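Coordinate inspection notes
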Amino acid sequence: MQTTRLSLHAVAELLLAGPQHVVSGTIRLRVTPGGFGTVAEPSARVEGTSLVVGGWAVPLDGRTVAEVGADAGVVPHSLDDVYSGGCGLTADHPLRLDTSAAAEIAEGFRAGAEAMAAFAPDLEQVLWPEHFDLGITRDEVNYGVSPGDDFLGVPYAYVGPWQPDRHTGPFWNAPFGAAHPLSEIPDLQAFFAEGEALAASR
């Protein structure tokens, strides 16, 4: 899972958000069927283990970011000048993707997008390339879904109050608030609602 996640994170930064920032001035990404993609030009998306550009699917596994970009007609671009703390990989990074792991990550993003749309239909969801997570913010609380990271290595949902030190109790199990594996959350919308209620009660 970790190897696939890092490879997809590199693609999100270097082949989607980076080129989009050069052309359209935004790093925001979105959830798309089977994966994630840009919100502006140049239009590109990841579906499963392929980069899809103009209807052409370029395989990712076993190739470097630069090689995929050359085949897809996309020039890789780093976002090191925009933020720090991203995936830390370069266009020379060899991509390694497992089909089932990529599908699990895509399903996590899909479920997160669906739950957020039900929980807060008025808010814009953003898949941020820096931490490779899908999130929204309401009343100084962040809600989102991550495919995993150094804190928790499996796909998880989180609720992050801007002042996490003010919240105590079993729900709040992370330094930034709450983080629970998606596999342990039967109702993701209810999880966000519970976090909202608990955050408001303090």
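Above this text is the structure in question.
The sections below set out a description of the structure shown in this document. (Residues numbered from 1 in each chain as written. Predicted model: local features only at pLDDT ≥ 70, side-chain atom pairs only at ≥ 80, totals over all residues. Heavy atoms only, no water.)

Quick look at the pairing of strand β2 (residues 35-38) now. One ladder, built from 4 bridges, connects strand β1 (residues 29-32) with β2; its direction is antiparallel. Note on β2: the bridge partner recorded for Arg30 is Gly37. Where β1 folds back onto β2 in an antiparallel hairpin, the turn is made up of 2 residues, including Gly34, whose phi is positive at roughly 75 degrees. In this structure, β2 lies alongside strand β3 (residues 45-47), joined through 3 bridges in antiparallel fashion. (Pairing = 2+ DSSP bridges. Helix = DSSP H or I, 4+ residues; strand = E, 2+ residues; numbered from the N terminus.)

What follows is about the nonpolar core. The biggest cluster of nonpolar side chains holds 52 residues, and the ones touching the most others in it are Leu8, Phe36, Leu51, Leu60, Val159, Leu188 and Phe192. When residues of this core are traced back to their parent elements, those giving at least two are α1 (2-24), β4 (50-53), α2 (65-72), α3 (99-119), β7 (133-138), β8 (141-146), β9 (156-161) and α4 (188-200). With 8 residues, α1 is the largest single contributor of residues to this core. Not counting residues within four places of it along the chain, the set of residues in contact with Phe36 comprises Leu8, Ala12, Leu16, Arg30, Val31, Arg45, Val46, Phe109, Leu127 and Phe132. (Core = buried A, V, L, I, M, F, W, Y, C linked by side-chain atoms within 4.5 Å. Buried < 20%, exposed > 50% of the residue type's maximum accessible area, 1.4 Å probe, protein only. Contact = heavy atoms within 4.5 Å.)

This brings us to the packing of α1 against α3. The relative placement of two packed helices comes down to the angle between their axes together with the axis-to-axis distance. Axis separation between α1 and α3 bottoms out at 9 Å; the angle between their running directions is 65 degrees. Two packed elements cross with a definite hand, and for α1 against α3 that hand is right-handed. Residues Thr4, Arg5 and Leu8 of α1 form the contact with α3, whose participating residues are Ala101, Ala102 and Ile105. (Axes fitted to C-alpha atoms, helices over the stretch in contact; angles between N-to-C directions. Left-handed = near helix turned anticlockwise from the far one by under 90°.)

As a further point, take the pattern of salt bridges. Going through the model one piece at a time under the given rule, you end up with 6 salt bridges. A salt bridge links Arg45 to Glu47; the shortest N-O distance between them is 2.6 Å. In this structure, Glu196 engages Arg138 in a salt bridge whose closest nitrogen and oxygen atoms are separated by 2.9 Å. Of the two residues, Glu196 is situated in helix α4 and Arg138 in strand β7; the sequence distance between them amounts to 58 residues. On the basis of relative accessible area, Glu196 is assigned to the partly exposed category, the value being 25%. (Salt bridge = Lys/Arg side-chain N within 4 Å of Asp/Glu carboxyl O.)

Before going further, it helps to spend a moment on α3. Counted at 1.5 Å a residue, the expected span for α3 with its 21 residues is 30 Å, and the 30 Å between its end C-alpha atoms agrees. Among the residues of α3, those classed as buried are Ala101, Ala102, Ile105, Ala106, Gly108, Phe109, Gly112, Ala113, Ala115, Met116 and Phe119. (Expected span 1.5 Å × (residues − 1).)

A few words on the side chain of Ser7. Tracing the sequence through the fold places Ser7 in helix α1. The class of Ser7 is buried, set by a relative accessible area of 1%. If we ignore the near neighbours within four places in the chain, the residues touching Ser7 are His93, Pro94, Leu95, Arg96 and Leu97.

Looking now at the side chain of Arg63. Assignment of secondary structure puts Arg63 in the loop between β5 (56-59) and α2. Among the polar contacts listed, one links the side chain of Arg63 to the backbone oxygen of Pro59, at a separation of 3.3 Å. Setting aside residues up to four positions removed in sequence, Arg63 forms contacts with Val58, Val68, Asp71, His93, Pro94, Leu95 and Arg96. (Polar contact = N/O pair within 3.5 Å; in protein donor to acceptor, adjacent residues only side chain to side chain.)

This paragraph deals with the packing of α3 against α4. Running from amino to carboxyl end, α3 crosses α4 at an angle of 55 degrees, the nearest separation of the two axes being 8 Å. Here α3 lies oblique to α4, going by the angle between them. In the crossing of α3 with α4, the sense of the turn from one axis to the other is right-handed. Across the interface between the two elements, Ala111, Gly112, Ala115, Met116, Ala118 and Phe119 from α3 touch Leu188, Gln189, Phe192, Ala193 and Glu196 from α4. (Parallel < 35°, antiparallel > 145°, perpendicular 65-115°, else oblique.)

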